[in-house]
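# Breakdown of the fold
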Amino acid sequence: MRTAIVTGASRGLGRAFAIGLAKDGFALSLAARQADELEVTAELARLAGSPLVATHAIDLSLPESPALVVERTLAQTGGIDALVNNAGATKRGDFLALSDDDFLDGFALKFHATVRFCRAAWEALAASQGAIVNISGVGAHTPEPDFTIGGPVNSALINFTKAIAKRARDTGMRINTLCPGHIVTERLQKRIDTLARAEGISVEAAREKMRIDQGIARYGEPEEVAEVVRFLCSPAAAYVHGTVINVDGGATPGI
């Protein structure tokens, strides 16, 4: 029985990742803050085919939390075959209006929790020759003035992931970064609503304006990103290691 840990699994992309891996028969260890939403994901994962689903309603920004989730997972399943580090949302806004705490909070959950999970699960993943997929974002490639926390966090995740991929070359592990673009989630809808208020336009007009500004034909669906996660956690990706994959509909034109 293969086991995967998915963080930030209570909604959006994390939920889609959990359901996708459930379809491939993974036992799942799901972590997020929201216990009720996490249980919804767990039930959907069971219906999708997961033989075992455990949930951990926990604040992953706390230094001890990642190791605790790994410890509980190993106690329940005996091994870890995949780790999908998806937890973390960073605050947007004008740089001069963002506080030190906003920056520290952004790094605490998305960056430092990923580092701690990779460290805590390393031995188990090396033993299983498993996969790590760290979820970054296209903001890592294209700096924006309202994304001065998330952009640097995402860039740091790419650098970190490539560094540990080099360290893992002789272990049989596969470690990669996935950068989603503009995906239909609650987070995207909040951005669209904010734009509508700022511009004094309808939500639909704001949705279309953002799409055009991003240079994409349409927004992506969570399941489309989940398919790439499934690939990276599968034997089909045996020779994919230390790379960055954008799933963004062509929003990132740079090399």
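A short tour of the structure in this document, coming up. Because the structure is a prediction, the values reported are computed rather than measured.

Here the structure, examined in full by the defined rule, presents three aromatic pairs. Here the aromatic rings of Phe95 and Phe103 are separated by 6.5 Å at their centres, their planes lie at 85°, and the arrangement is edge-to-face. The partly exposed category is assigned to Phe95, whose relative accessible area is 47%. In this structure Phe103 comes out as partly exposed when scored by relative accessible area, which is 23%. Between Phe111 and Phe160, the aromatic rings sit 6.0 Å apart at their centres with planes inclined by 70°, giving edge-to-face as the arrangement.

Turning our attention to helix 3 (residues 65–77). Look at helix 3: 18 Å from first C-alpha to last across 13 residues, which is about the 18 Å you get at 1.5 Å a residue. Of the positions making up helix 3, those classed as buried are Ser65, Pro66, Val69, Val70 and Thr73. Seen end-on, helix 3 carries its buried residues on one side only, within an arc spanning 135°. Residues Glu71 and Ala75 are exposed on helix 3 and point more than 90 degrees away from its buried face. Where helix 3 is buried, its residues touch strand 1 (3–7), strand 2 (27–32), strand 3 (53–57) and helix 4 (100–128).

On to the pairing of strand 5 (residues 131–135), then. Burial of strand 5 is extensive: five of the five residues sit out of reach of the surface. With four bridges joining them, strand 4 (residues 82–85) and strand 5 adopt parallel strand pairing. Residue pairing in the sheet places Asn85 in a bridge with Asn134 of strand 5. The parallel pair strand 4 and strand 5 is bridged by helix 4, and the resulting crossover is right-handed. The pairing of strand 5 with strand 6 (residues 174–180) spans five bridges and is classified as parallel. Counterpart to Ile132 in the pairing with strand 6 is Ile175. For the handedness criterion, the β-α-β arrangement of strand 5, helix 5 (residues 150–167) and strand 6 is classed as right-handed.

With that settled, the discussion passes to unusual backbone geometry. Of note, the phi angle at Gln129 is positive, near 50°, even though the residue is not glycine. Looking at where Gln129 falls in the secondary structure, it is placed in the loop between helix 4 and strand 5.

On the surface, a nonpolar cluster with roughly 260 Å² of combined accessible area is contributed by Val40, Leu44 and Leu47. Mapped onto the secondary structure, Leu47 falls in helix 2 (residues 35–48).

Moving on, we get to the sheet that holds strand 1. If you walk across this open sheet you meet the seven strands as 3-2-1-4-5-6-7, and the pairing is parallel. Two strands bound the open sheet, and with one partner strand each, they are strand 3 and strand 7 (244–247). Within this sheet the neighbouring strands show an average axis-to-axis angle of 15°, counted without direction. Where helix 4 meets the sheet, it contacts strand 1, strand 4, strand 5 and strand 6, and its direction lies at approximately 175° from that of strand 4. Contacting strand 5, strand 6 and strand 7, helix 5 crosses the sheet at an angle of about 165° to strand 6.

So, how was this worked out
- Residues numbered from 1 in each chain as written.
- Predicted model: local features only at pLDDT ≥ 70, side-chain atom pairs only at ≥ 80, totals over all residues.
- Heavy atoms only, no water.
- Phe/Tyr/Trp six-rings, centres within 6.5 Å; stacked < 30°, edge-to-face > 60°.
- Buried < 20%, exposed > 50% of the residue type's maximum accessible area, 1.4 Å probe, protein only.
- Helix = DSSP H or I, 4+ residues; strand = E, 2+ residues; numbered from the N terminus.
- Expected span 1.5 Å × (residues − 1).
- Arc of directions from axis to C-beta.
- Contact = heavy atoms within 4.5 Å.
- Pairing = 2+ DSSP bridges.
- Right-handed = clockwise from strand over helix to strand, strands pointing away.
- Patch = residues over 30% accessible without salt bridge, like charges linked within 9 Å, V, L, I, M, F, W, Y side chains within 5 Å.
- Areas by Shrake-Rupley, 256 points an atom, 1.4 Å probe, with all protein chains shown as cover.
- Salt bridge = Lys/Arg side-chain N within 4 Å of Asp/Glu carboxyl O.
- Axes fitted to C-alpha atoms, helices over the stretch in contact; angles between N-to-C directions.

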